[in-house]
Structures are given as C-alpha cells and as structure tokens.
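What follows is each chain in one-letter form.
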Amino acid sequence: MSLSEPAAPASSEDKSNRRVRRMFGSIARRYDLLNHLLSLNVDRSWRRFAARAVPPTPGVPVLDVCTGTADLALQYDKAAGGTCPVIGVDFTREMLAVGLRKVEKAAAGDRIALVEGDAQRLPVPADAFGVVCVAFGLRNVRDTVLGLDEMIRAARPGGKVAVLEFSRPRGRVLGPLYLAFFRKILPRVGQAIAPNADSAYHYLPRTVLEFPDGQELLDLMASRGLVDLEMHPLTFGVATLYVGVKPAPRS
C-alpha cells in the first residue's frame, strides 16, 4: 500500500521501549489482579465481546499483538473451539511468563504460541492472519502508526484488524466521574497493590487521555488503508472496539 505518513499521535509521556518493558515487567505478577479489580471484572466481558464481534475462522491463524499475559489470546482460542492457531507477541518477558503459565493451565499449549517480539517489528510473515487484534496495548507502542501498520501488514487480504482500547465517556455525569477515578483513585490503588519505580498506574491514565479515541482513531485506521470501519463503544464508552478490514490488493 502506498499511504501518506501522518504524524504519530503526540504524547508527552515517555513510551520508550526500555521504559515500557521495565514498567510492565515490574507489575507482571499483579497485572491480572489489578485489571480485574479496577475494572470490576468488566474487562473479561470486553474481550469476550471482541472475540464474538471479530470471530476467528477455523484453520486461519489469529495474531494477538501486545498480548501481555495472554488473556485475549486465550479468549480467541476459546472462541475458535481450538480450531485455529493463535500467536501472541509481546516484548516483556515477565508478562509472557505469566501468560505461558495460563496457557499451560488451559491445556492450550499446542494451539497458542507466545513469542517475544516488538509490535513495531512483528516477527511474523505478511498477509498471514485472519484476525490481528490488540487489547489495551496499542497506546503503549512508542510509534502508534508503525504499530498499526505492522498489524495491517500481518493481516491477510480480507482479514480484520481489531483494536480494543480504553476510551473517554462523554456523558455529563459519567465523564467527570471517570476522569476523577482515572486521575486520582486508580493510581493510588495500583501503586499500593503493585508498587513500582515507574509509577505504572500514573502512566495508565495519562496515556489513555492522550491517545486518540472515537472517530479520531477510526480516521487514523482509515488513513493506513483499512476499510469497512466499525466502532463499538462498551460499558458507556469506557472502552471501545475498533475494527477495520484489510482490502485485497488492486490488480
């Protein structure tokens, strides 16, 4: 594809590979606990929705980018009934180690492969995956555009690219409450349960508030060549699933 090169979304937050890898490595053991606690377990339903809204095709591999502890990879394996291979890629070894234990516990080791790799240089072939997905990870990639381009490269023509990400509720009541929780309560709870030198749970709300959401993210996906774009707000807009299709090359 020959595409214009928009600037990556501006961010004042340090999202260097070194910092992000160190930060997530330091909270890996408590990562799942905090995700479920701080979302009141709703994050599980968001991943189930993603796997239903963008279903796998039997026999066609799925790629989960920034897989972390493999929650979305496991959800896709469950949605496929074990009928398609799933590859999860992440560059934080400590997160992958937690994910590997979960894969083994689910007896899914023959179907799910977890691979250490950078989302900006995915160690996978082009045009290979029926679904390329990411859950709450694209905003952590230093170069958002490059990360999205890599997801598109990995998808086969006609395949779908799905981005599940936090978003900002716009309601007059819920919006301010959400911002207050994100800015004041979440960082304190996160730091208390998973103390870390990089203030990971201060980083989370800052990156969410800086990252494009709603139509802005759909427009970015369209600018990279995806078509048939869809947006599915979840839980009053606290999270949103964005979906696009990789078009077949023009003859």
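Scope of this entry: the structure provided in the associated data block. Fair warning: this is a prediction, and the values are worked out from it, not measured in the lab.

### A look at the overall build of the protein
Phase 1 of the analysis: When helices and strands are tallied, the protein shows eight helices and seven strands.
Phase 2 of the analysis: Put simply, the protein has 251 residues, and 52% of those count as buried.
Phase 3 of the analysis: Long-range pairs, those at least 24 residues apart, make up 76% of the contacts in the protein with a sequence separation of at least 6.
Phase 4 of the analysis: For the protein, the computed accessible surface area is about 11,700 Å², with 56% contributed by carbon and sulfur atoms.

### Concerning a nonpolar patch on the surface
Phase 1 of the analysis: The grouping of L174, L177 and F236 at the surface amounts to a nonpolar patch, some 350 Å² of accessible area in total.
Phase 2 of the analysis: Summarising the element assignment, L177 is placed in helix α6 (residues 174-193).

### A word on the packing of aromatic side chains
Phase 1 of the analysis: One pass over the full model with this rule turns up four aromatic pairs.
Phase 2 of the analysis: Note on F24 and Y31: the rings are 6.1 Å apart at their centroids and 65 degrees apart in plane angle, and the pair reads as edge-to-face. Pair check on accessibility: F24 and Y31 agree, each one buried.
Phase 3 of the analysis: Pairwise contacts between aromatic rings join W46, F136 and F166 into one cluster.

### Quick notes on the sheet that holds strand β7 (residues 239-245)
Where strands meet in a sheet, backbone hydrogen bonds hold them as pairs that are either parallel or antiparallel.
Phase 1 of the analysis: Taken together, the seven strands give an open sheet; going across it, the order is β3-β2-β1-β4-β5-β7-β6, and neighbouring strands pair in mixed fashion. This sheet does not close on itself; its edge strands, each paired only once, are β3 (112-116) and β6 (227-234). Strand-to-strand, the axes of this sheet are offset by a mean angle of 15 degrees, without reference to chain direction.
Phase 2 of the analysis: Sheet topology places strand β4 (residues 129-135) next to strand β5 (residues 155-166); six bridges connect them, and they run parallel. Note that in β5 the partner of V131 across the bridge is K160.
Phase 3 of the analysis: Strands β1 (62-65), β2 (86-90), β3 and β4 of the sheet are contacted by helix α3 (residues 71-80), whose axis makes an angle of about 140 degrees with β4.

### Some remarks on the pairing of β3
Phase 1 of the analysis: Across five bridges, β2 lies against β3 in parallel orientation. Residue pairing in the sheet places V86 in a bridge with I112 of β3.
Phase 2 of the analysis: For the handedness criterion, the β-α-β arrangement of β2, helix α4 (residues 93-105) and β3 is classed as right-handed.

### A look at the layout of surface pockets
Sizing a probe to match a water molecule and rolling it over the atoms shows the empty space that remains.
Phase 1 of the analysis: If you add up the space inside the second largest pocket, you get close to 330 Å³.
Phase 2 of the analysis: Around the second largest pocket, the lining residues are H36, D43, R44, R47, R48, D71, L74, Q75, K78, K102, K105 and A106.

### Details of the pattern of salt bridges
Phase 1 of the analysis: Counted by the stated rule, this structure contains twelve salt bridges.
Phase 2 of the analysis: As a salt-bridge pair, R111 and D110 come within 3.4 Å of each other at their nearest N and O atoms.
Phase 3 of the analysis: A relative accessible area of 23% means that R111 is categorised as partly exposed.
Phase 4 of the analysis: Owing to a relative accessible area of 67%, D110 belongs among the exposed residues under this scheme.
Phase 5 of the analysis: Its salt-bridge partner being E150, residue R153 comes within 2.7 Å of it at the nearest N-O pair. One end of the pair is R153 and the other is E150, both in helix α5 (residues 144-154) and three residues apart, which spans about a single turn.
Phase 6 of the analysis: Connected through shared salt-bridge partners, D32, D71 and K102 make up one network.

Analysis parameters
- Residues numbered from 1 in each chain as written.
- Predicted model: local features only at pLDDT ≥ 70, side-chain atom pairs only at ≥ 80, totals over all residues.
- Heavy atoms only, no water.
- Helix = DSSP H or I, 4+ residues; strand = E, 2+ residues; numbered from the N terminus.
- Buried < 20%, exposed > 50% of the residue type's maximum accessible area, 1.4 Å probe, protein only.
- Contact = heavy atoms within 4.5 Å.
- Areas by Shrake-Rupley, 256 points an atom, 1.4 Å probe, with all protein chains shown as cover.
- Patch = residues over 30% accessible without salt bridge, like charges linked within 9 Å, V, L, I, M, F, W, Y side chains within 5 Å.
- Salt bridge = Lys/Arg side-chain N within 4 Å of Asp/Glu carboxyl O.
- Phe/Tyr/Trp six-rings, centres within 6.5 Å; stacked < 30°, edge-to-face > 60°.
- Pairing = 2+ DSSP bridges.
- Axes fitted to C-alpha atoms, helices over the stretch in contact; angles between N-to-C directions.
- Right-handed = clockwise from strand over helix to strand, strands pointing away.
- 1 Å grid on protein atoms, 1.4 Å probe; cavity = no way out; pocket = protein on both sides within 12 Å on 5 of 7 lines; lining within 4 Å.
- Points joined across faces, edges and corners; volume = space filled by probe spheres on them.

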